[in-house]
Amino acid sequence: MSVGNTIPFPQGVAKVVTLAELQNCDAWQRAFRNKCKDHRYYEIVEETLKGGFEHHYLVIEDSSNNVRAIQPVFFVRQNLVEGVPGRIRSAIDFIRKKFPRFLTMRVLMAGCAAGTGDLGTCDDRNEKWTARALFAVLRTYARQNRASLAVLKDFPAKYRPVLESSYSNGYARIPSMPMTRLPLDYQNWDDYLRTLSKATRKDLRRKFRKAERAPKIDLEIVNNIAPYVDEIYPLYLQVHERSPLKFETLTKDYFHAISKRMPDRTRFFVWRQSGKIVAFSFCLVCDDAIYDECIGLDYGVALDLHLYFYTLRDIISWSLQERLKYYYSNPLNYEPKLHLDCELVPLDLYVRHTAAFLNPIFRRALKYLEPTRHDPVLHKFPNAHEL
């Protein structure tokens, strides 16, 4: 493959390549083979995502020219105070009236632009080696491309022992908005419902009775969403626009591609009332777990019929029938998840400023910018200390 840029580090070299240059690379097929979001997912994200993302890939070789890892990276202009409320945000908004780009920076991120991050090792035994290589390379690559920050984005907490070398490389670890998980140790939905608090059981039963008094809601589960994408996409946008935190916006092409190229893992739950789609949920099924990636709701009826809880009941019921062991839900909307006895699944950001003299100051400021600081519900979860 041709190489546009080569960055040496003590144990080898990182070569910057495009997706087109990876198409016939065996190592690319191996890099995420044990992950739910494998190499196909990263290809789909680059090809279909909009919003100013500039995607590249680091082919990381050791001193013997063996490819140890391929790490997706991307540049994006990021608002550092996204989701920061109150007086801090008001002060920043006032400054931005004169300086529109204040605390908005060009950032180099390693990971996935639409989901959690993983190390793209060709062999899991190379994770620590790959982590050290990344920390040695990212700052150089970011500076070459005039990015102010280098970030490992949304890496699950399981990587903390592997990424411990971040501190010696000047990175600070801060919590990102976590996912949630529900262990599926139940026979069926009713069995699960009995484990919840009395107040939650009463509230859910009231919600379901109200939905059942309305015209019948039918569920269909498909792998291919293409025939329905024109109907479901506006529902996705309705939910997306209500979110207080927005990083990426999925496209129609994304839903087309994900169902066409990953049918072994995709499940689309589609709910209709009187023939009209009123809700959908896009999930990935991998090994013993289901990952609820995004939801779309028709807010003309969604709040009145409590469709969020209706859809959740159907997904969990199906997962129990399939004998899956875990239900994972994406970040945000923590209040209902707390009452449904979900647990937090911490995600981490590893961040450093590319200017050495500014980095110590920036690391101190991060505690005021990190997103979980401003969500009061998060700290009510029993395992909030793990953040």
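The coordinates are above.
Below is a short write-up of the structure. The model shown is predicted, which means the values in this text are computed figures rather than measured ones. All chains use their own residue numbering, which begins from 1 and follows the written sequence. Predicted model: local features are reported for residues with pLDDT of at least 70 only, side-chain atom pairs are reported and counted for 80 or more only, and whole-chain, interface and lining totals are derived from all residues. Water and hydrogen atoms play no part in the side-chain values, which are based on all heavy atoms of the structure.

## Let's talk about the overall build of the chain
Put simply, the rule reads: In DSSP terms, a helix is any run of H or I states spanning at least four residues, a strand is any run of E spanning at least two, and both are numbered starting from the N terminus. In this description the radius of gyration comes from C-alpha coordinates, and the expected globular size is given by 2.2 Å times residues to the power 0.38. Per-residue accessibility, obtained with a 1.4 Å probe over protein chains only, is compared with the maximum for each type, and a residue is labelled buried under 20%, exposed over 50%, and partly exposed between these values. Two residues form a contact once any of their heavy atoms are found within 4.5 Å. Calculation of accessible area relied on Shrake-Rupley with a 1.4 Å probe; when residues are assessed, cover is drawn exclusively from the protein chains displayed.
Looking only at helices and strands, the chain has 12 helices and 13 strands in total. The C-alpha atoms of the chain give 22 Å as radius of gyration, which agrees with the globular expectation for 387 residues (21 Å, within 12%). With the C-alpha coordinates of the chain rotated into their principal frame, the extents come out at 65 × 50 × 35 Å. The burial tally for the chain puts 56% of its 387 residues in the buried class. Contacts in the chain between residues at least 24 apart in sequence constitute 74% of all its contacts with a sequence separation of at least 6. Working note: accessible area of the chain is about 18,000 Å², and carbon and sulfur atoms make up 49% of it.

## As for the nonpolar core
Put simply, the test is: We define a nonpolar core as any set of buried Ala, Val, Leu, Ile, Met, Phe, Trp, Tyr and Cys residues linked to one another through side-chain atoms lying within 4.5 Å.
Core analysis: the biggest nonpolar cluster contains 57 residues, and Trp28, Ile70, Tyr254, Phe255, Phe280 and Phe282 have the highest contact counts within it. Apart from the residues within four sequence positions on either side, Tyr254 is in contact with Tyr41, Ile44, Val45, Thr48 and Phe282. Of all hydrophobic cores here, the second largest spans 35 residues; its members include Leu182, Cys283, Ile290 and Ala302.

## Section: helix α7 (residues 229-242)
What counts here: Each helix should span, by expectation, one fewer than its residue count multiplied by 1.5 Å. Within this analysis, the arc is defined by the directions that extend from the helix axis to the C-beta atoms.
Here α7 contains 14 residues, and its C-alpha end-to-end distance of 20 Å stays within 8% of the 20 Å for a straight helix at 1.5 Å per residue. Within the sequence span of α7, burial applies to Val229, Ile232, Tyr233, Leu235, Tyr236, Val239 and His240. Summarising the axial view, the buried residues of α7 lie within an arc of 165°, below the 170-degree limit, and thus occupy one face. Within α7, the exposed residues directed more than 90 degrees away from the buried face are Asp230, Glu241 and Arg242. The inward-facing, buried residues of α7 contact α8 (252-261), β10 (276-286) and β11 (289-297).

## So, the pairing of strand β1 (residues 5-9)
The condition is simple: In this analysis, strands are considered paired if DSSP registers two or more bridges between them.
In the sheet, β1 pairs with strand β2 (residues 12-17) via five bridges, with the strands oriented antiparallel. Following the sheet pairing, Phe9 is matched in β2 by Gly12. Count of turn residues in the β1/β2 antiparallel hairpin: two residues.

## Let's talk about the state of the cysteines
To keep it simple, the criterion reads: The disulfide criterion is simple: two cysteine sulfur atoms within 2.5 Å.
Applying the stated criterion across every chain yields a total of zero disulfides. Of all cysteine sulfurs in the structure, the one in Cys25 sits closest to Cys122, which takes part in no disulfide; the separation is 7.4 Å. There is no disulfide at Cys283, and the cysteine sulfur nearest it, in Cys294, is 8.5 Å away. In this structure Cys283 comes out as buried when scored by relative accessible area, which is 0%.

## Quick look at unusual backbone geometry
You will see that Arg323, though not glycine, has its phi angle at about 60°, which is positive. With respect to the element layout, Arg323 can be found in the loop between α10 (307-321) and β12 (326-329). A positive phi angle is found at Leu332, which is not glycine, with a value near 85°. Classification of Leu332 as buried rests on a relative accessible area of 19%.

## Side note on the pairing of strand β9 (residues 266-273)
Within β9, eight of the eight residues are buried, leaving the element largely enclosed by the surrounding structure. Judged by which residues are buried, β9 turns out to be covered on both faces: Thr266, Phe268, Val270 and Arg272 on one side and Arg267, Phe269, Trp271 and Gln273 on the other are all buried. Bridge count for strand β8 (residues 217-222) against β9 is six bridges, and the pairing is antiparallel. Residue pairing across strands places Glu220 opposite Val270, the latter belonging to β9. In the sheet, β9 pairs with β10 via eight bridges, with the strands oriented antiparallel. From the neighbouring strand, Val270 faces β10, where its bridge partner is Phe280. In this structure, the hairpin formed by β9 and β10 is closed by a connection of two residues, where Ser274 is found at a positive phi of approximately 55°.

## Observations concerning the packing of aromatic side chains
Our working rule: Classification of ring pairs rests on two measures: the distance between centres of Phe, Tyr or Trp rings, Trp counted by its six-membered ring, which must be within 6.5 Å, and the angle between planes, read as stacked under 30 degrees, edge-to-face over 60 and tilted in between.
Under the defined criterion, the tally for this structure stands at 31 aromatic pairs. Aromatic side chains Phe74 and Phe247 sit 6.3 Å apart centroid to centroid with 65° between the ring planes, which places their arrangement in the edge-to-face category. Here Phe74, found in strand β4 (residues 67-79), pairs with Phe247, found in the loop between α7 and α8; they are 173 residues apart in sequence, far enough to count as distant. A relative accessible area of 1% means that Phe74 is categorised as buried. A ring pair is formed by Tyr233 and Phe255, whose centres lie 6.2 Å apart and whose planes are at 70°; its orientation type is edge-to-face. Within this pair, whereas Tyr233 is found in helix α7, its partner Phe255 is found in helix α8, the two being separated by 22 residues in sequence. Accessibility assignment for this pair places Tyr233 and Phe255 in one class, buried. Through successive ring pairs, a cluster of aromatic residues spans Tyr41, Tyr233, Tyr236, Tyr254, Phe255, Phe268, Phe280 and Phe282.

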